[in-house]
Amino acid sequence: MKVNIVCVGKIKEKFFTDAILEYQKRLSRFCTFNIVEVDEASAVTNLEKKSEIEGERLLAKCKGVIVALDGAGKMLSSPEIADFIKQKEISGSSEMSFVIGGSNGLSKQGLDKAALKLSFGKITFPHQLFRVVLAEQIYRAFTILNNMPYHK
């Protein structure tokens, strides 16, 4: 399976990059894992238009099953995320894109194309840290699916 995190902007802090690279290395035994970054629509001042432009850029890079990360989405446990991945794989999906919108969230169009709108709770994460958290949860899901002791 191929798993992508499709997101807006680049990571600036080395410690976040290092953490993501560590999960990418760990995930390599289970799947092909990629981070796909699109440019922020920084010149646009209208927040709705900015979200729309970034949403179009994100959707253009998404492949396979789309999972939109959204604060208003469904909260799943780690085993439930693993089961979602397993069910999509069983049904013939070979690629999955987890989409993180820009600072104004994902456009309605982006949310509408998602097979799952997923929330990690009501708290707000810095976008760069959230990539690390998402990468860890994807790794955790694959360890659950492969009966590894990582998930306790």
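The rules behind each value
- Residues numbered from 1 in each chain as written.
- Predicted model: local features only at pLDDT ≥ 70, side-chain atom pairs only at ≥ 80, totals over all residues.
- Heavy atoms only, no water.
- Helix = DSSP H or I, 4+ residues; strand = E, 2+ residues; numbered from the N terminus.
- Expected span 1.5 Å × (residues − 1).
- Buried < 20%, exposed > 50% of the residue type's maximum accessible area, 1.4 Å probe, protein only.
- Arc of directions from axis to C-beta.
- Contact = heavy atoms within 4.5 Å.
- Pairing = 2+ DSSP bridges.
- Axes fitted to C-alpha atoms, helices over the stretch in contact; angles between N-to-C directions.
- Core = buried A, V, L, I, M, F, W, Y, C linked by side-chain atoms within 4.5 Å.
- Salt bridge = Lys/Arg side-chain N within 4 Å of Asp/Glu carboxyl O.

Colleague: I keep staring at helix H3 (residues 78-90) and nothing clicks. Help me out?
Modeller: Think of an α-helix as 3.6 residues a turn; residues three or four steps apart then line up on the same face. Taking 1.5 Å of rise per residue, the 13 residues of H3 would be expected to cover 18 Å, and the 18 Å separating its terminal C-alpha atoms lies within 8% of that figure. Along H3, the residues classified as buried are Ser 78, Ile 81, Ala 82, Phe 84 and Ile 85. For H3, the arc enclosing every buried residue in end-on projection is 155°, short of the 170-degree limit, so these residues lie on one face. Buried-residue contacts for H3 involve strand E3 (65-75), strand E4 (95-100), strand E5 (116-119) and helix H5 (127-145).

Colleague: Explain the side chain of Ser 107 to me, please; I cannot follow it from the model alone.
Modeller: As for its position among the elements, Ser 107 is in the loop between E4 and helix H4 (108-112). When residues no more than four places from it in sequence are discounted, the contact partners of Ser 107 are Ser 51, Glu 52 and Gly 55.

Colleague: Just checking my understanding: could you explain the sheet that holds E3 for this structure?
Modeller: Strand pairing in a sheet is mediated by backbone hydrogen bonds. Such pairs are either parallel or antiparallel. Pairing is parallel across the open sheet formed by five strands, whose spatial order is E2-E1-E4-E3-E5. The two strands at the open ends of the sheet, each matched to only one other strand, are strand E2 (32-38) and E5. Going from strand to strand, the sheet's axes swing by 30° on average, the running direction of each strand aside. Note: strand E1 (residues 2-8) against E2, seven bridges, orientation parallel. Within E2, the residue paired with Ile 5 across the bridge is Ile 35. In the packing of helix H2 (residues 47-61) onto the sheet, the strands contacted are E1, E2, E3 and E4, and the crossing angle to E1 comes to about 165°.

Colleague: Would you mind showing me how to read the environment of Tyr 23 here?
Modeller: Topologically, Tyr 23 is positioned in helix H1 (residues 14-27). Separated by 117 residues in the primary sequence, Tyr 23 and Arg 140 place their C-alpha atoms 9.8 Å from one another.

Colleague: Mind showing me how you'd approach the nonpolar core here?
Modeller: Side chains that are nonpolar tend, in soluble globular proteins, to be buried together. Phe 33, Phe 98, Ile 138 and Phe 142 are the most contacted members of the largest nonpolar core, which totals 32 residues. The set of elements that each furnish at least two residues to this core consists of E1, H1, E3, H3, E4, E5 and H5. For this core, the element with the highest residue contribution is H5, accounting for eight residues. Filtering out sequence-adjacent residues up to four positions away, Phe 98 remains in contact with Val 3, Asn 4, Ile 5, Val 6, Val 67, Leu 69, Ile 85, Leu 134 and Ile 138.

Colleague: How should I be thinking about the pattern of salt bridges in this particular structure?
Modeller: Two side chains with opposite charge may pair up if their charged atoms get near one another. Within this structure, the stated rule accounts for nine salt bridges. Residues Arg 131 and Glu 37 are paired through a salt bridge, measuring 2.8 Å at the closest nitrogen-oxygen approach. One end of the pair, Arg 131, is in helix H5; the other, Glu 37, is in strand E2, with 94 residues separating them in the sequence. The class of Arg 131 is buried, set by a relative accessible area of 2%.

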